[in-house]
Amino acid sequence: MIQQDASPREQLAVQLAEAAGEALRQDLSRQDRVLLVLSGGSTPVPFFQALAGQELPWSRVDVTLADERWVAETDEASNARLVRRHLLKGPAAKANFISLITRDPTPEQGVEAVTRRIVALPWPASLVVLGMGGDGHTASLFPDSRELELGLTTDAPVLAARTPSQPQARITLSADRLHQAQRHALHITGDDKRSILAHALAGDDSRELPIRAFLSCPLAVYWAP
């Protein structure tokens, strides 16, 4: 429920959480388990907190990430840490969280193990919630990444990703795997992100703005100032 004094971003987070909860409930009425794929960063924190309050049979929900920095889960930069802190609490703590990190020193060494985890999940996902950076990247599909072409074209579910603009190595689901969902949502805030999305909608080169790889499929856009 949206509080009357909530900010636009808080209202947006509740709206997205309600939509996510309804999507999961619909699919749980037809299947034993469902999969929710989330994105990290600062934008989704209010969404995670609102989603944690949704009444769901959380023990039947698998949760994973679209991408992850190759850091320990105790690191401030860890998306898994963000999910555990803000979503997996109360009844939602019963959800089954699948990490994209292993104990291997590099994501290239960990890809095989992470791939096994990912392919074992109940695809297609009920919902993939994407974010978008100021450079038009989504997941860890960055415009300046040497792995971008692979990430956009491979049918492998998982790949390691490195980019000059980011300090940490990363692991990411491929565009092909992220497309394997019943529903897609894009959660963004701020006028700058709205402008970037408008620019993305005006063209079709996913190598310039990787978010374009998802604009041809049904995509629910959740935006607030």
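Residue numbers run consecutively from 1 along every chain, following the written order of its sequence. Residue-level local features of this predicted model are given only where pLDDT is at least 70; pairs of side-chain atoms are given and counted only at 80 or more, and the full residue set underlies all totals for whole chains, interfaces and linings. The side-chain figures draw on all heavy atoms in the structure; neither hydrogens nor water molecules are used.

As annotated in an unreviewed UniProt entry, the protein carries the name 6-phosphogluconolactonase and comes from Billgrantia pellis. UniProt positions are given in the numbering used here, feature names are shortened, and annotations may be inferred rather than shown by experiment. You can read under Function (unreviewed entry) in the UniProt record for the protein the words "Hydrolysis of 6-phosphogluconolactone to 6-phosphogluconate." On record in UniProt, under Pathway (unreviewed entry), the comment for the protein is "Carbohydrate degradation; pentose phosphate pathway; D-ribulose 5-phosphate from D-glucose 6-phosphate (oxidative stage): step 2/3."

Student: What's the story with the overall build of the protein in this structure? I'm lost.
Tutor: For the purposes of this entry, the term helix denotes a DSSP run of H or I that reaches at least four residues, the term strand denotes a run of E that reaches at least two, and both are numbered from the N terminus. In terms of helices and strands, the protein carries seven helices and nine strands. In this setup the radius of gyration rests on C-alpha atoms only. A globule is expected at 2.2 Å times the number of residues raised to 0.38. Its C-alpha radius of gyration of 16 Å places the protein within 12% of the 17 Å reference for a compact globule of 225 residues. If one aligns the C-alpha atoms of the protein with their principal axes, the spans along those axes are about 45 × 40 × 35 Å. Exposed residues in this analysis have more than 50% of their type's maximum accessible area, buried residues have under 20%, and partly exposed residues fall in between, with area computed by a 1.4 Å probe over protein chains only. Within the protein, the proportion of its 225 residues that are buried is 55%. Contact definition: two residues touch when any of their heavy atoms are within 4.5 Å. Pairs at least 24 apart in sequence give 72% of the contacts found in the protein among residues at least 6 apart. To be clear on the numbers: accessible area is Shrake-Rupley with a 1.4 Å probe, and residue cover counts the displayed protein chains and nothing else. In the structure as shown, the protein presents an accessible area of about 10200 Å², 49% of it carried by carbon and sulfur atoms.

Student: I'm lost on the UniProt feature "domain: Glucosamine/galactosamine-6-phosphate isomerase" (unreviewed entry) in the protein in this one. Help?
Tutor: With numbering aligned to this structure, UniProt lists the feature "domain: Glucosamine/galactosamine-6-phosphate isomerase" (unreviewed entry) at residues 9–215. Helix makes up 34% of residues 9–215 and strand 16%, and the two end C-alpha atoms of the span are 23 Å apart.

Student: For this particular structure, what's the right way to read the packing of helix α1 (residues 8–28) against helix α2 (residues 45–52)?
Tutor: What describes two packed helices is the angle between their axes and the distance between those same axes. Note on geometry: axes are lines fitted to C-alpha atoms, helical ones only across the stretch in contact, with angles between N-to-C directions running from 0 to 180 degrees. Two elements in contact, α1 and α2, have axes whose closest approach is 8 Å; the angle formed by their N-to-C orientations is 50°. What the angle tells us is that α1 and α2 run oblique. Here α1 and α2 pass one another in a crossing that is right-handed. Counting all contacts with α1, which are made through A13, V14, L16, A17, A20 and G21, the residues of α2 involved are P46, F47, A50 and L51. Nonpolar residues are Ala, Val, Leu, Ile, Met, Phe, Trp, Tyr, Cys and Pro. Charged residues are Asp, Glu, Lys and Arg, and all others, Gly as well, are polar. Broken down by class, the residue content of the contact of α1 with α2 amounts to nine nonpolar, one polar and no charged. An angle below 35 degrees is read as roughly parallel, one above 145 as roughly antiparallel, one from 65 to 115 as roughly perpendicular, and any other as oblique. We call a crossing left-handed when the near helix sits turned anticlockwise from the far one by less than a right angle, and right-handed when that turn is clockwise.

Student: What am I meant to see in the sheet that holds strand β6 (residues 158–161) here?
Tutor: Strand pairing in a sheet relies on backbone hydrogen bonds. The paired strands run either parallel or antiparallel. Two strands are counted as paired when DSSP detects at least two bridges linking them. Pairing within the open sheet is antiparallel, and its three strands lie in the order β3-β7-β6. The sheet terminates laterally at β3 (67–69) and β6, the two strands that pair on one side only. In this sheet, neighbouring strand axes are inclined to one another by 20° on average, regardless of whether the strands run parallel or antiparallel. Summarising the sheet, β6 and strand β7 (residues 170–173) pair through four bridges and their orientation is antiparallel. From the neighbouring strand, V158 faces β7, where its bridge partner is L173. Strands in contact with helix α4 (residues 107–119) are β6 and β7; relative to β6, the strand with the most contacts, it is inclined by about 155°.

Student: Quick question: what am I supposed to make of the side chain of S206 here?
Tutor: Its place among the elements puts S206 in the loop between α7 (191–201) and β9 (220–224). Polar contacts involving the side chain of S206 include one to the main-chain amide nitrogen of A213, which spans 3.3 Å. Excluding its chain neighbours within four sequence positions, the residues that come into contact with S206 are L148, L152, R212 and A213. Side-chain atoms alone can form a polar contact between residues adjacent in sequence; in general such a contact is a pair of N or O atoms within 3.5 Å, and within protein one must be able to donate a hydrogen while the other accepts it.

Student: Is there a simple way to explain the pairing of strand β2 (residues 61–65) in this structure?
Tutor: Judged by how many residues are buried, β2 sits mostly within the fold: five of five residues are covered. Here β2 shows two buried faces, one formed by V61, V63 and L65 and the other by D62 and T64. By the bridge criterion, five bridges tie strand β1 (residues 34–38) to β2 in an arrangement that is parallel. By the bridge assignment for β2, V37 is matched with T64. Handedness of the crossover joining β1 and β2 through α2 is recorded here as right-handed. Taken together, the two bridges between β2 and strand β4 (residues 96–97) define a ladder with parallel strand orientation. Directly across from V63, in β4, lies its bridge partner F97. Seen with its strands pointing away from the viewer, a crossover is right-handed when the path leading from the first strand over the helix to the second is clockwise.

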